[in-house]
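Overview (structure and organization)
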Amino acid sequence: MSEVLVLVDHVDGEVKKPTLELLAIAKRLGEPSAVFIGGAEEAAAAGARLTAFGAEKIYVVDDAEIRGYLVAPKAEALQQLVEKTSPAAVLIVSGFEGKEIAGRLAIKIGSGLITDAVDVQEGPVTTQSVFAGNFTVTAKVTKGTPIITVKPNSATPEESGGAGTVEEFSATISEGAKTAQIVASQPRQASGRPELNEAAIVVSGGRGTGGNFEPIEGLADALGAAVGASRAAVDSGWIPHNFQIGQTGKTVSPQLYIANGISGAIQHRAGMQTSKTIVAVNKDEEAPIFELVDFGVVGDLHTVLPAATEQINKRKG
């Protein structure tokens, strides 16, 4: 059975949940092999978690010489590993960096690329939501090694308690790949909430909030959810752009999406339509969002959300 390479998404050795989801998908396609780009100490911290969730082998690529550079060195390292192992597929988490790495890798090895898959089955055959979420299609790479980026929350991590082997892989990175370097970064303020792209539950607010996101944040904290927003709320200056969900913002696919005071324009739908369960709260019973939802509440979010938050907190307590 051929290997399936999974690029590990991590922060200082802490493996992110979408990588564990990719390992579960990789088991359907072949033998899961994790590709960890980072230092030896970080790799040691991540190793136990990766093997516990199914990685039969972990390739460790020391990033001492490429740390701080943008995606090009990672694409070159993956290229060399693909050429060595001839995998059945390469799986990468969908995101700004992941899709950039995948695109560069596809060009380097002359292979087909599928992005933003919401499911991958044996073949590999992918499922995607296209044309602003209006259609669901299946696709398959017909040339070379399939390279697939997968949206977070597309699979359930499966703990298998394995004992994978670790192999150091030395990649030769060209000077041309080191032209774009991060020279400064602004640390994020810790909110205690999950990252928007990875959250299993997202609570979003739109124009109907009137700029008051306290009910949104209160419900999100009660549910352990991330906070999102529509373009209207962002354009009004009520919340930063990095919270925006939609065609010109982030794309999310959580288990539960709660839209509050959001009309449901096509631009917003494109960013959340693949959510597993959708709930909407809106005063306008004719709002387009109600055409999409599994459950709808016609009412004022400033009344509905605090009441819901109170009941959730009571049950938790």
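Residues numbered from 1 in each chain as written. Predicted model: local features only at pLDDT ≥ 70, side-chain atom pairs only at ≥ 80, totals over all residues. Heavy atoms only, no water.

We now examine the overall build of the protein chain. The secondary structure content of the protein chain amounts to 8 helices and 16 strands. Taken against the 2.2 N^0.38 rule, which gives 20 Å for 317 residues, the C-alpha radius of gyration of the protein chain at 21 Å falls within 12% of a compact globule. With respect to the principal axes defined by its C-alpha atoms, the protein chain has extents near 60 × 40 × 40 Å. Buried residues in the protein chain amount to 50% of all 317 residues. Long-range contacts, defined here as pairs at least 24 residues apart, represent 66% of the contacts in the protein chain between residues at least 6 apart. On the protein chain, roughly 15,100 Å² of surface is accessible, and the fraction owed to carbon and sulfur atoms is 49%. Treating the 27 positive side-chain charges of the protein chain as one cloud and the 37 negative ones as another, the clouds have centres 3 Å apart. (Helix = DSSP H or I, 4+ residues; strand = E, 2+ residues; numbered from the N terminus. Rg over C-alpha atoms; globule rule 2.2 N^0.38 Å. Buried < 20%, exposed > 50% of the residue type's maximum accessible area, 1.4 Å probe, protein only. Contact = heavy atoms within 4.5 Å. Areas by Shrake-Rupley, 256 points an atom, 1.4 Å probe, with all protein chains shown as cover. Lys, Arg positive; Asp, Glu negative; His and termini not counted. Charge placed at Lys NZ, Arg CZ, Asp CG, Glu CD.)

All right, on to the layout of surface pockets then. Estimates place the volume of the second largest pocket at around 210 Å³. Counting only elements with at least two residues in the lining of the second largest pocket, the list comes to helix 6 (231-235) and helix 7 (266-272). A class-by-class count of the residues in the lining of the second largest pocket yields 3 nonpolar, 8 polar and 2 charged. (1 Å grid on protein atoms, 1.4 Å probe; cavity = no way out; pocket = protein on both sides within 12 Å on 5 of 7 lines; lining within 4 Å. Points joined across faces, edges and corners; volume = space filled by probe spheres on them. Nonpolar A, V, L, I, M, F, W, Y, C, P; charged D, E, K, R; others polar.)

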